Amino acid sequence: MNHIALFEPLIPANTGNISRTCAATNAPLHLIEPLGFSTDDKHLKRAGLDYWDSVDITYHPNLEAFLKEVGDRPLHLISKFANKVYTEENFADDRDHFFLFGKETTGLPEDFMRENEEKCLRIPMNDTHVRALNLSNTAAMIVYEALRQQGFPNLELTHHYPNDKID
């Protein structure tokens with residue numbers, strides 16, 4: 001199973017889009033506090049988090065608590081400050097994979113990244129024109145690459161129109 005984890009997310013719309021990706025891919029969502037928004041019903045509806053109730057969400061009070069839950073399972077830190085491209089990593093090993101994304105403004109803490117450089121993965125891009133890719137787009141790209149390598153387990157590979165006759 002693939003897990004998406006957000007470190008101190010700030011933008012509700014990004015978290016909402018990521019929750020939709022989690023719902024579509026059966027990926028649990030881990031939110032590492034503090035959050036930059038409230039998750040009460042009023043705020044969720046305003047942010048368009050209409051898939052919230054379809055997602056397995058775990059809140060962690062801090063990064064240390066999240067890392068304790070991950071334990072010795074594979075943890076991948078997604079960052080522009082990485083030397084390994086995400087497509088070079090093998091996700092098809094029948095283990096749970098945790099993909100940790102940093103907050104929209106500052107990413108993951110630099111000290112933490114430097115201590116765990118071997119876990120860092122990067123999406124190639126032209127850094128001279130773009131500071132960073134959108135968080136929700138990045139999460140979707142990463143989780144779908146993992147799912148592609150895993151053969152899209154428990155996902156529909158085809159879908160038909162309601163009036164199609166299927167033999």
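Anything mentioned here points back to the structure above.
The notes below deal with the structure included here. Remember, it's a predicted structure, so these values are computed and weren't measured experimentally.

### Considering the side chain of Asn14
Summarising the element assignment, Asn14 is placed in helix 1 (residues 12–25). Its relative accessible area of 7% is what places Asn14 among the buried residues. Side-chain polar atoms of Asn14 contact the side chain of Glu104, separated by 3.2 Å. Excluding anything up to four places from it in sequence, Asn14 contacts Glu104, Asn134, Leu135 and Ser136.

### Structural notes on the sheet that holds strand 4 (residues 75–78)
Strand order in the open sheet formed by six strands is 3-2-1-5-4-6, and the pairing between neighbours is parallel. Unpaired on one side and paired on the other, strand 3 (57–60) and strand 6 (120–121) mark the two borders of the sheet. Sheet topology places strand 4 next to strand 6; two bridges connect them, and they run parallel. Considered in strand 6, the bridge of Ile78 is made with Leu121.

Parameters and conventions
Residues numbered from 1 in each chain as written. Predicted model: local features only at pLDDT ≥ 70, side-chain atom pairs only at ≥ 80, totals over all residues. Heavy atoms only, no water. Helix = DSSP H or I, 4+ residues; strand = E, 2+ residues; numbered from the N terminus. Buried < 20%, exposed > 50% of the residue type's maximum accessible area, 1.4 Å probe, protein only. Polar contact = N/O pair within 3.5 Å; in protein donor to acceptor, adjacent residues only side chain to side chain. Contact = heavy atoms within 4.5 Å. Pairing = 2+ DSSP bridges.

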